[in-house]
Amino acid sequence: MLKEVNAHGVSILRISRGPEGAWQVRQDPRNRRITGLTRMELGGPVRGSALVRTRYSPDGTATRGTLNNCAHGVTPWNTYLTAEENWAGYFRNGDQQDQKPNLPREHARYGVATGRSRYGWELAANGADEFVRFDASATGEDPSRDYRNEPNAFGWIVEIDPFNPESVPVKRTALGRFAHEGVVFATAVPGRPVVCYSGDDAQFEYIYKFVSAAAYDPAGASGRLLDEGTLYVAKFNDDGSGEWIALVHGQNGLIAENGFASQAEVLVNTRAAADHVGATKMDRPEWGAVDPVSGEVYFTLTNNTRRTQAQAGGPNPRARNEFGQIVRWRERGGHAGLRFDWDLFIIAGDRATSRGAGGAALGDEGMFACPDGLWFDADGRLWIQTDIGEREQNRGALKPFGNNQMLAADPRTGEVRRFLVGPVGQEITGVVTTPDQRTMFVNVQHPGAVTTKEDFAAGRLASHWPDGGTSLPRSATLVITREDGGKIGT
Ligand code: CA
Ligand code: CA
Ligand code: CA
């Protein structure tokens, strides 16, 4: 179990290209592992709240570890933000009333288990504190004697300073608590607030924006900018307009009589607050990206097969949405503004079901399903990565799309072209280039994950990528260069 907990988290590694052209990990005092056990501080309005008091931190200021880290963000001051996505399943809460589960909304609304947790860490035979904390049942006399509040310390954006190996990661609670897919910043402008966007990757969840209270000053900017500000949730109107609704205690009905007695209570229950103000329930918001040329914001909505015909409309136009879409908007009055204008950039699918940016269907060169990773390079090319789940890959309606892939789109012309296709059973996820844009890094996650338990036991693996032969498949990072050494994507 300790091995499993330590296998979660974030690695900081320095890599560089050697004289032969190969990239390698280099020894560096800054290289380190952040795990599911690393001590972390809580920052922002939830710090010190009664909702995060635990046996480990009776004053509610600290916790251990980060879990189920999905995509990321880079702050304007060059620190790394990791996003806690499907953390809820790591916990269980066995509290009952009248023989029925009796969970507080800050557990129930996020899917904390009532039986066993996903990995059963709370069952560790040694009964050590770092394992029993995954049982969030109220067993002690008060919250400082048990871990009823432990799940409330998860679901946050966590700031890590990769350049200071002594620094303690900080959970930035002002950005809200949900299944954060990632976080993306608008270009920071000195003298203006810092603005970032984050999606909650679950069916019928929301897209959020944070606007800092203080203005950006490149000389003194730090993570403290993320501790004070306003969290908004998006409401998309059918007429193509949209609005940002503030999730602020005392505003928009977020008052004690409605169950929101403080800003800490609003933030720990971000989803409930967004429900309360009537935000738009989306088709699983995944990555966001901000166009460096136009300032427009793009978000992938990967799929939502539970949406009914009666629920279809606006930025989520299809019932039983298997293929997903990409929404975009332009903020009125800059990124800190309260209103925006949106449209659908692409409705994904094949020739019969898609609608590309120009209005025509996507052709064979550009058809895709289940957009997930999304990233703008410095020239304004939009890179799209797909995540068709293991159960759907190469089957049924998803069969024509084959393995997961990566494409490049030109937001100005609407042209979309396939860039690469990954091996069987994987998800393409994550992309960045060197500053000169001549080397691109792309992750290939869990190749061969379509292998059944029985086939695995019998040694029949769906993939042997990347080593080939009879090797076990491994997640790996691709390093991509052009034969002529030029910029990728030109
Ligand atoms: Ca996701
Ligand atoms: Ca994803
Ligand atoms: Ca996904």
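Residues numbered from 1 in each chain as written. Chains lettered and ligands numbered in written order. Predicted model: local features only at pLDDT ≥ 70, side-chain atom pairs only at ≥ 80, totals over all residues. Heavy atoms only, no water.

1. Structural notes on the layout of surface pockets
Where empty space is left can be seen by rolling a probe of water-molecule size over the atoms.
Point 1. Volume-wise, the second largest pocket comes out at about 280 Å³.
Point 2. Lining the second largest pocket we find Arg-381, Trp-383, Ala-408, Ala-409, Asp-410, Glu-415, Arg-417, Arg-418, Phe-419, Gly-489 and Thr-490.
Point 3. At the level of secondary structure, the elements contributing two or more residues to the lining of the second largest pocket comprise β26 (405-409) and β27 (416-421).
Point 4. Per element, the largest residue contribution to the lining of the second largest pocket is three residues, and it comes from β27.
Point 5. For the lining of the second largest pocket, the residue count by class is four nonpolar, two polar and five charged. (1 Å grid on protein atoms, 1.4 Å probe; cavity = no way out; pocket = protein on both sides within 12 Å on 5 of 7 lines; lining within 4 Å. Points joined across faces, edges and corners; volume = space filled by probe spheres on them. Helix = DSSP H or I, 4+ residues; strand = E, 2+ residues; numbered from the N terminus. Nonpolar A, V, L, I, M, F, W, Y, C, P; charged D, E, K, R; others polar.)

2. Structural notes on empty space enclosed by the protein
Point 1. Tallied over the entire structure, the rule returns one cavity of 30 Å³ or more.
Point 2. When its volume is computed, the largest cavity comes out at roughly 40 Å³.
Point 3. If you go around the largest cavity, the residues you meet are Leu-175, Val-183, Cys-196, Tyr-197, Ser-198, Tyr-208, Lys-209, Phe-210 and Leu-231.
Point 4. Elements with a contribution of two residues or more to the lining of the largest cavity: β14 (193-199) and β16 (207-215).
Point 5. In terms of residue class, the lining of the largest cavity is made up of seven nonpolar, one polar and one charged.

3. Details of helix α5 (residues 270-277)
Point 1. With six of eight residues buried, α5 is to be regarded as a mostly interior element.
Point 2. Every buried residue of α5 is listed here: Thr-270, Arg-271, Ala-272, Ala-273, Ala-274 and Val-277.
Point 3. Close packing links the buried residues of α5 with α2 (105-108), β15 (203-205), β16, β17 (229-236), β18 (241-246) and α4 (263-268).
Point 4. Just past α5, the residue Gly-278 takes up positive phi, approximately 75°. (Buried < 20%, exposed > 50% of the residue type's maximum accessible area, 1.4 Å probe, protein only. Contact = heavy atoms within 4.5 Å.)

4. Describing the coordination of the calcium ion (ligand 3)
Octahedral metal centres with six donors ideally show angles of 90 or 180 degrees, and tetrahedral centres with four donors ideally show 109.5 degrees.
Point 1. The protein atoms that coordinate the calcium ion (ligand 3) are Glu-286 (OE), Asp-372 (OD) and Asp-387 (OD), at distances spanning 2.2 to 2.4 Å.
Point 2. Mapped onto the sequence, the donors of the calcium ion (ligand 3) take the spacing E-x85-D-x14-D.
Point 3. Between the two metals, the calcium ion (ligand 3) and the calcium ion (ligand 1), the spacing is 3.7 Å, and Glu-286 donates to both. Taken together, the residues Glu-286 in strand β20 (residues 285-290) and Asp-387 in the loop between β25 (382-386) and β26 connect sequence positions 101 residues apart.
Point 4. On the basis of relative accessibility, which here comes to 2%, the residue Glu-286 falls in the buried class.
Point 5. On the accessibility criterion, Asp-387 (16% relative accessible area) is buried. (Donors = N, O, S within 2.8 Å, 3.2 Å for Na, K, Ca; no water.)

5. Concerning the coordination of the calcium ion (ligand 2)
Point 1. Every protein donor of the calcium ion (ligand 2) is listed here as Glu-181 (OE), Glu-286 (OE), Asp-372 (OD) and Asp-372 (OD), and their distances to the metal cover 2.3 to 2.7 Å.
Point 2. Taken in chain order, the donor set of the calcium ion (ligand 2) reads E-x104-E-x85-D.
Point 3. Distance-wise, the calcium ion (ligand 1) is placed 3.3 Å from the calcium ion (ligand 2), both being coordinated by Glu-181. Highlighted residues: Glu-181 in the loop between β12 (170-172) and β13 (184-185) and Glu-286 in strand β20, separated in sequence by 105 residues. Here Glu-181 and Glu-286 have matching classes, each one buried.

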